[in-house]
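Examination of the molecular architecture
These are the residues of each chain, in order.
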Amino acid sequence: MTPKDVLKMAKEKGVKIVDLRFIDLPGLWQDFSIPVSELREDIFADGLGFDGSSIRGFQTIDESDMLLIPDPSTAQMDPFTAVPTLVLICTIKDPITGKAYSRDPRYVAQKAEAYVKKSGVGDTIFIGPELEFFFFDSIRFDQSYNYGFYFIDSEAGAWNTGREGTPDRPNLGYIPRYKQGYFPVPPMDKFQDIRSDMVLALESVGVRVEVHHHEVASGGQTEIDMRYDTLTKMADKVCWYKYCAKQTAKKWGKTATFMPKPLFQDNGSGMHTHQSIWKNGKNLFYERGGYADISKMCLHYIGGILKHAPALLAFIAPSTNSYKRLVPGYEAPINLVYSQRNRSAAIRIPMYSKAEGAKRIEFRTPDPTCNPYLSFAACVMAGLDGIANKIDPGKPVDKDLYELPAAEQKKIKQLPGSLDIVLDNLEKDHDFLLKGDVFTPDLIETWIEYKRKNEVDPVRLRPHPYEFALYYDI
């Protein structure tokens, strides 16, 4: 798509509004809209101004003027708006220097792709994320000086098996048990039609979907898997995915959340991230006859991710809630080892197919609170560091890591257990991210400061409801 193609598309589709979207530093889509009469070819080069000081993680007020540069290749019709609306995803420029903005997460992703080529390792990096999330019926939460609570409800929640039904809301049973929600057919799976509706919305905006199904947790956990794509395009699609999930939920009178661990004592939601590097149409992670048919390059890539995982977590599992998911007993990938077929390892090598094109690694630790542009880019930079330095990942562990004898378990390195610790690790270990100017010191410092000030400290300083059960009468 060229700017001319976009103008032609707008005319053919009867577009009335053009929505310009970009992502803030923490990872939430932002937008503003213009009437189609303002859609001209020159805005694709000159951009449109906005206040960067009002966007989380961006500019200070004395340097607030910034430019959005629409990417014509991203043009899609919004499947949810009442008025025909064309969506364009944008990158960001500084109007004074004319340079791309170093804190723009989409620009970081583009630089990571360019660095793969510049390094000579490959010419394409493919990413395939598997996002899990929940459809709930309602959510209430609040906190003030003298109280704090949340309350979740779902017709599919195991806690509702004993609920007395009403004419408006009968209790008909067929509710997934805790940790037993994987793959049931309707009527136990109450979300088949909602997921199918979301799939159609995704396909209408150019996102190819491979499969959808109910996930393990009770309460409405869902997974819809997208076909893999190149890094930046895949991050764009993750943004569409979250948008379509939330809008489809709203359409059906429900709410969608990508919190990794909204429910106590049930499985959390991850974003298992499949990765492979290609060159001249050849999959460089494939080598027939080795362990799991993976190449030495793939092993070194795994070595880089495992080595830098304590720092990587700051971008791939970047919420305080992430570490409620990353605990033993819930299929969470807390063990820093790799293995074929083994879902208890941080890195799994899928073995469904022997074909070269199917060979990849699955990094199971990321979750969907991440900014996808930063998460994918950080994973790639860690893997490339492993390739450059021939980092040995050690031997695979083809055992159930949750059932190891205590003596063996002690030998397995595990992930850090809180956001504040992984931010400390990122502070110490980030040189691998700076190569090729993919990440900048300024972005990393801003990320750490933002997370500590706006997430770690506010949670740390507030009393937790369960503390009253533990300590009120002491």
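Residues numbered from 1 in each chain as written. Predicted model: local features only at pLDDT ≥ 70, side-chain atom pairs only at ≥ 80, totals over all residues. Heavy atoms only, no water.

1. So, the pairing of strand E8 (residues 138-143)
On a regular strand, one side chain projects to one face of the sheet and the next to the other, so that they alternate. Here is the rule: Only strands joined by at least two bridges in the DSSP assignment are considered to pair. Strands are runs of DSSP state E lasting at least two residues, helices are runs of H or I lasting at least four, and both sets are numbered from the N terminus onward.
As paired elements, E8 and strand E9 (residues 148-153) share 6 bridges and run antiparallel to each other. Following the sheet pairing, Ile-139 is matched in E9 by Ile-152.

2. A short note on the packing of aromatic side chains
Here the distance between the centres and the angle between the planes together describe a pair of aromatic rings. What counts is decided by this rule: Between 30 and 60 degrees the pair is tilted, below 30 it is stacked and above 60 it is edge-to-face, where a pair is any two Phe, Tyr or Trp rings, Trp via its six-membered ring, whose centres lie within 6.5 Å. Throughout this description, buried means an accessible area under 20% of the type-specific maximum (1.4 Å probe, protein chains only), exposed means over 50%, and partly exposed covers the range between. Sitting over a ring, as applied to charges here, requires NZ of Lys or CZ of Arg to be within 6 Å of the ring centre and within 35 degrees of the ring normal.
Evaluation of the coordinates by the stated rule reveals 20 aromatic pairs. Both rings, one in Phe-126 and one in Tyr-228, keep their centres 5.0 Å apart while their planes meet at 70°; by these two values the pair is edge-to-face. Linking Phe-126 in strand E7 (residues 124-136) with Tyr-228 in the loop between strand E11 (221-226) and strand E12 (229-230), this pair joins segments that are 102 residues apart in sequence. Seen from their ring centres, Phe-126 and Trp-278 are 5.7 Å apart, and the 85° between their planes marks the pair as edge-to-face. Of this pair, Phe-126 sits in strand E7 while Trp-278 sits in strand E14 (residues 271-279), placing them 152 residues apart in sequence. The same class applies to Phe-126 and to Trp-278, which are both buried. Three or more aromatic residues joined by ring pairs make a cluster, and in this case those are Phe-133, Phe-135, Phe-191, Tyr-241 and Phe-258. Across the ring face of Tyr-243, the terminal group of Arg-21 is positioned such that the distance to the ring centre comes to 4.3 Å.

3. Topic: unusual backbone geometry
Excluding glycine, residues mostly have negative phi values, and the peptide bonds linking residues are mostly trans. Here the residue pair Pro-186 and Pro-187 is connected by a cis peptide bond, since its omega of 10° sits within 30 degrees of zero. The residue Pro-187 is located in the loop between E9 and helix H4 (192-204) in this model. Unlike most non-glycine residues, Ala-292 shows phi in positive territory, near 55°. With respect to the helices and strands, the residue Ala-292 is situated in the loop between strand E15 (282-283) and helix H6 (296-316). The exposure class assigned to Ala-292 is buried, which follows from its relative accessible area of 6%. Even without a glycine there, the phi angle at Asp-437 is positive, about 60°.

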